[in-house]
Amino acid sequence: MSTKQRLILAAACVAAMLSACVPEPADVQGASVERLYTIFFIVAAVVFALVAGLITWSLVRYRAKPGDELPEQFDRNLKLELTWFAIPLATVVVLFVLSAGVLGEVNAESPDPSVIVNVEGYQWGWRFTYEGSGVEVIGDADDRPEIVLPVGRPLTFTLDSADVVHSFWVPRFLIKRDMVPGQQNSLSLTISDAGVYRGVCTEFCGLLHSKMNFVLRAVPPAQFESWLEEQRTIDGDG
Ligand SMILES: [Cu+2]
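Here the residue index of a chain counts from 1 through its sequence in written order. Where totals are concerned, whole chains, interfaces and linings use all residues; where local detail is concerned, this predicted model gives features only for residues with pLDDT of at least 70, and gives and counts side-chain atom pairs only at 80 or more. As a convention, hydrogens and water are excluded, and side-chain values are obtained from all of the structure's heavy atoms.

**Looking at the side chain of glutamine 29**
Inspection of the secondary structure puts glutamine 29 in helix H2 (residues 28-61). The term polar contact refers here to a pair of N or O atoms within 3.5 Å; inside protein, the definition further demands a hydrogen-donor-capable atom paired with an acceptor-capable atom, and it admits residues adjacent in sequence only when both atoms are side-chain atoms. A polar contact is formed between the side chain of glutamine 29 and the backbone nitrogen of threonine 190, at a distance of 3.1 Å. Any two residues whose heavy atoms approach within 4.5 Å are treated as being in contact. In this structure, glutamine 29 is in contact with Glu105, Val106, Ile175, Ser188, Leu189 and Thr190, ignoring residues within four places of it in sequence. Counting from the N terminus, the helices are the DSSP runs of H or I reaching at least four residues and the strands are the DSSP runs of E reaching at least two.

Below, the structure is given as structure tokens:
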């Protein structure tokens, strides 16, 4: 393999690795998930470099040469054994504590959400009801629903299903939650970036599962209020 070919292979490997990274989070909770992911990635990279490096070093350094005698043999080294027990244990404990913290943050219910949206999934569509205003957005595989929500405000989605298990996921939020018939789940989050995001059902739920999508438009609060007012009028007229 030529040097050029090696460089291309190395670049392809780096590109493949980077493409596996998480998408840029659009919510506060997702940012914590991304931070945790980055810490795990760095720790894993350090462990890999250390293990691969030590193996390579010992292979090269202690390679037998013709005429070498067998080195002194021993079967116990308490200090060394305690060290390679303690380092991984400490690493796992630190990662566990960090993960538990982020899990708590992701699962925390907002005590005073600015907007509550009741989400009902069905084969194969969505019904979004804005609590308090009665505004409803419904859509299915043929007519994708589009909801609007404010950025920077605590939001709560209550999640339910009319038939089978579905799952509520906006990939850019980096968090998702199942929608189980007969059991109300909820998901609280705060959107940090305005934008138009794709939402999907992420639990296989039958023939048109792949078309069970929605659009979430995150806008400044004032714009959200006027949208809600507009919808209320349309609903009232209709
Ligand atoms: Cu579904």
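**Things to note about the pattern of salt bridges**
We define a salt bridge as a contact between a side-chain nitrogen of Lys or Arg and a carboxyl oxygen of Asp or Glu at a distance within 4 Å. Considering all chains together, one arrives at 4 salt bridges under this definition. The residue glutamate 136 makes a salt bridge to arginine 127 at a minimum N-O spacing of 3.9 Å. Buried, partly exposed and exposed residues are distinguished by accessible area as a fraction of the type maximum, computed with a 1.4 Å probe on protein chains only: under 20%, between the cut-offs, and over 50%, respectively. Taking the relative accessible area as the measure of exposure, arginine 127 reaches 31% and is therefore partly exposed. Of the charged contacts in the structure, one is a salt bridge between glutamate 146 and arginine 217, with a shortest N-O distance of 2.6 Å. Pair noted here: glutamate 146 is in strand S4 (residues 146-150) and arginine 217 is in strand S10 (residues 213-219), with a separation of 71 residues, a long-range link.

**Describing the coordination of the copper ion**
Note: metal donors comprise N, O and S atoms at 2.8 Å or less from the metal (3.2 Å for Na, K and Ca); water molecules are not included, so apparent gaps in a site are possible. Coordination of the copper ion by the protein comes from His166 (ND1), Cys201 (SG), Cys205 (SG) and Met212 (SD), over a distance range of 2.0 to 2.5 Å. Of note is the copper ion, whose 4 donor atoms meet at the metal with angles of 91 to 124° in an arrangement that counts as tetrahedral. Mapping the donors of the copper ion onto the primary sequence yields the spacing H-x34-C-x3-C-x6-M. With a gap of 35 residues between them, histidine 166 in strand S6 (residues 166-169) and cysteine 201 in strand S9 (residues 195-201) connect regions that are remote in the sequence. Cysteine 201 carries the same exposure label as histidine 166, and that label is buried. Geometry is assigned from donor-metal-donor angles: four donors are tetrahedral when every angle falls between 85 and 135 degrees, four are square planar and six octahedral when opposite donors sit over 155 degrees apart with all other angles between 65 and 115, and any other arrangement is irregular.

**Topic: the domain arrangement of the protein chain**
A common measure of how large an interface is: the accessible area buried when the components associate. Just so you know, the domain bounds were taken from an automatic or database domain assignment. Domain boundaries assigned for the protein chain yield domain 1 (22-59 + 77-108) and domain 2 (115-237). Centre-to-centre, using C-alpha coordinates, domain 1 lies 34 Å away from domain 2. If you look at the interface, domain 1 gives 14 residues, while domain 2 gives 13 residues. Throughout, the accessible surface (probe 1.4 Å) given up by two parts as they are put together, summed over both, is called the buried area. A buried area of about 1,100 Å², summed over both sides, lies between domain 1 and domain 2, and 54% of it is on carbon and sulfur atoms.

**A word on the layout of surface pockets**
The method is simple in principle: a probe with the dimensions of a water molecule rolls over the atoms, and the space it marks as empty is what remains. Taken as a whole, the largest pocket encloses approximately 300 Å³ of empty space. Of the two site types, the cavity is a set of points on a 1 Å grid over the protein atoms alone where a 1.4 Å probe fits but cannot get out, and the pocket is an open set with protein on both sides within 12 Å along at least five of seven lines, each lined by residues with an atom within 4 Å of a point. For the largest pocket, the full set of lining residues is Val43, Val46, Val47, Leu50, Val51, Leu54, Trp84, Ile87, Pro88, Thr91 and Val92. Contributions of two or more residues to the lining of the largest pocket are made by H2 and helix H3 (78-107). With 6 residues, H2 is the largest single contributor of residues to the lining of the largest pocket. Here the term charged refers only to Asp, Glu, Lys and Arg, the term nonpolar to Ala, Val, Leu, Ile, Met, Phe, Trp, Tyr, Cys and Pro, and the term polar to all other amino acids, Gly among them. Looking at the lining of the largest pocket residue by residue, the class counts come to 10 nonpolar, 1 polar and no charged. Taken as a whole, the second largest pocket spans an internal volume of roughly 160 Å³. Here the residues of the lining of the second largest pocket are counted per class, giving 4 nonpolar, no polar and 3 charged. Grid points are joined across faces, edges and corners, and a volume is the space filled by probe spheres set on the points.

**Points about the sheet that holds strand S1 (residues 115-122)**
At least two DSSP bridges between two strands are required for those strands to pair. Strand order in this open sheet of 5 strands is S3-S2-S1-S5-S8, and the pairing throughout is mixed. For this open sheet the edge positions go to strand S3 (136-140) and strand S8 (185-190), each flanked by a neighbour on one side alone. The sheet shows a mean angle of 20° between the axes of neighbouring strands, taken without regard to direction. Where S1 meets strand S5 (residues 154-161), 7 bridges bridge the pair, whose relative direction is parallel. Across the sheet, residue valine 119 finds its bridge partner in S5, namely leucine 159. The axes used here are C-alpha line fits, helices contributing only the stretch in contact, and every angle between their N-to-C directions lies in the interval 0 to 180 degrees.

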